[in-house]
Structure formats: structure tokens, C-alpha cells
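Here's the letter readout for the chains.
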Amino acid sequence: MAPRALRPVDLARAAGVSAQAIRNYADAGILPPAERTASGHRVFLPRHRDALLTYRALVPGAGLPAARTIMAAANAGDRPRVLALLDAVHAELHDTRRSLRELTEWLDAVAGRQPQRPSRAGLRIGEVAHLLGVRTSTLRVWEAEGLLTPAREQGTRYRTYSPTDVREAQLIHLLRRVHYPLPRIGPVLDALRRTGSTEALQAAVTTRTDEVDRRATALLEASALLHAYLSEVP
């Protein structure tokens, strides 16, 4: 018995999106290829609905670009690529968790003892970049954004970073590793400079940790749908 054909509106209702969104998903390869009627209309089947629901479940955990790429690989029957793409998302979440732990340790150090500082004052930009594991161009971007204001040597005009500059660069680096937006880092640094309080930053870390937990949970739930969908792909 042939599976019952579905209209775009049927898929739209199943996922809570518009019929136009269904057409867009089909054009983007998020849904598997569909046959067309003599008049040119797509013929959707239950597997298209399953693909749609799998994609919609993947988005909260994997993000839009990754979810699209995963579904394209699934529709092509490329299981090794699907698994590799899922591994990449899990790795990104793992790296974010690790960076959040490092940021928490940094905050504990600020609240108690002094964080690790360079062995001497007046480091050059290359030395700070090496210490943090970033490019010198990254430090220049942070400076252009007004986040860092290193002193300049008289005569040479070379940048020199004090222990405070290095500490703030360490904080910026940790925040960027957890995808904290540059425009929101300035107020955090300002509050830290004015009062020495890390409460706002600690709250941001908690919020970001909760977000990672939500993404990981969503990815776990979506993986069950993806596994079932892969069993339908020829």
C-alpha cells in the first residue's frame, strides 16, 4: 500500500511553520527530494514530515547551519558524515563547558587570591598573544573595541601590557571562548574596574551554562529522531 501523500500545509501544521517555509526547506535540501505531479506540485510523503520534524528538533541543539548540513547528509544517505557532524556539535559544546569551567576558576581566583600573572610588567603584544594563545591581531581588535588600553613606550611607541592589562586580556579571551559578544564585554570590564565585583559575570556564566545544558538536552532528543529517520533513508 502506497504511503498517503501530504500537502505542504499538512507538513506546516505538523511543525508549526508556514507552507512557504516547507517549500523553502525543500529547496534548501533539508527535506529529501520529492516527486512532482504533472502540474509541477511536489508530492510529500510521511518521510518528508519525519525529515521536517527531525530538522526542527536539531535546530535548538545544533544551530541552524549545522542542522541544515546534517539533514543534507542524512538525505544523501551519508551516515558517516552525519555522525561526524554530530561529533563536531558535541565537541563544540564540550569545549564551551571546559571554557566555562576555566572562567569559573578565574572568577574564584579574582574573588580570593590574585589570578596568575606574568613574571614581569610591561609585556609586549607578541608576548601577551603567546601567553593567551591568540594572534596579535586579536589583541589589536580588542584594543580597537576599547576593551584594552595598553600603554605605549616613549620613542618606540610599542605597546606595553601591565599585569592588570594581561589579567583583563585573559578575561576577554575566556569570554570570547564561550561566545560572549564583544559589545557586552565592555560593561563587564567597567564594573570589574570600578567595584572589583564579579557578580554580574558570575550570573552570565550561570546563564551560559544553562544554555549549554539546554542545547545538549535538545541534541540528545533530536538524535533519537535522527536515528529513526536514518533508518528510513534508502
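Residues numbered from 1 in each chain as written. Predicted model: local features only at pLDDT ≥ 70, side-chain atom pairs only at ≥ 80, totals over all residues. Heavy atoms only, no water.

Overview of helix α1 (residues 8-15)
An α-helical segment advances 3.6 residues per turn. Residues three or four places apart therefore align on the same side.
Then comes step 1: Buried within α1 we find Asp10, Leu11, Ala12 and Ala15.
Then comes step 2: Contacts from the buried residues of α1 go to α2 (19-27) and α3 (46-62).
Then comes step 3: Just downstream of α1 lies glycine 16, where phi reads positive at about 70°. (Buried < 20%, exposed > 50% of the residue type's maximum accessible area, 1.4 Å probe, protein only. Helix = DSSP H or I, 4+ residues; strand = E, 2+ residues; numbered from the N terminus. Contact = heavy atoms within 4.5 Å.)

Focus: the nonpolar core
Where a protein is soluble and globular, its nonpolar side chains tend to be buried together.
Then comes step 1: Counting 66 residues, the largest nonpolar core has Ile22, Tyr25, Leu31, Leu139 and Trp142 as its most contacted members.
Then comes step 2: The residues contacting tyrosine 25, other than those within four sequence positions of it, are Val17, Ile30, Leu31, Leu52, Tyr55 and Arg56. (Core = buried A, V, L, I, M, F, W, Y, C linked by side-chain atoms within 4.5 Å.)

Concerning unusual backbone geometry
Then comes step 1: The phi angle at arginine 157 is positive, at roughly 65°, despite the residue not being glycine.
Then comes step 2: Unusually for a residue other than glycine, histidine 179 sits at a positive phi of about 65°.
Then comes step 3: For histidine 179, the location among the structural elements is in the loop between α8 (163-177) and α9 (182-195).
Then comes step 4: Histidine 179 sits in the partly exposed class, given a relative accessible area of 46%.

Things to note about the confidence of the model for the chain
Then comes step 1: Taken over all residues, the pLDDT of the chain has a mean of 88, while the share at 70 or more is 94%.
Then comes step 2: Element-level mean pLDDT values for the chain span from 83 in α9 up to 96 in helix α4 (residues 64-75).
Then comes step 3: Within the model, the stretch residues 112-116 combines pLDDT values under 50 with seven contacts to residues more than four positions away or in other chains. (pLDDT = per-residue confidence, 0-100.)

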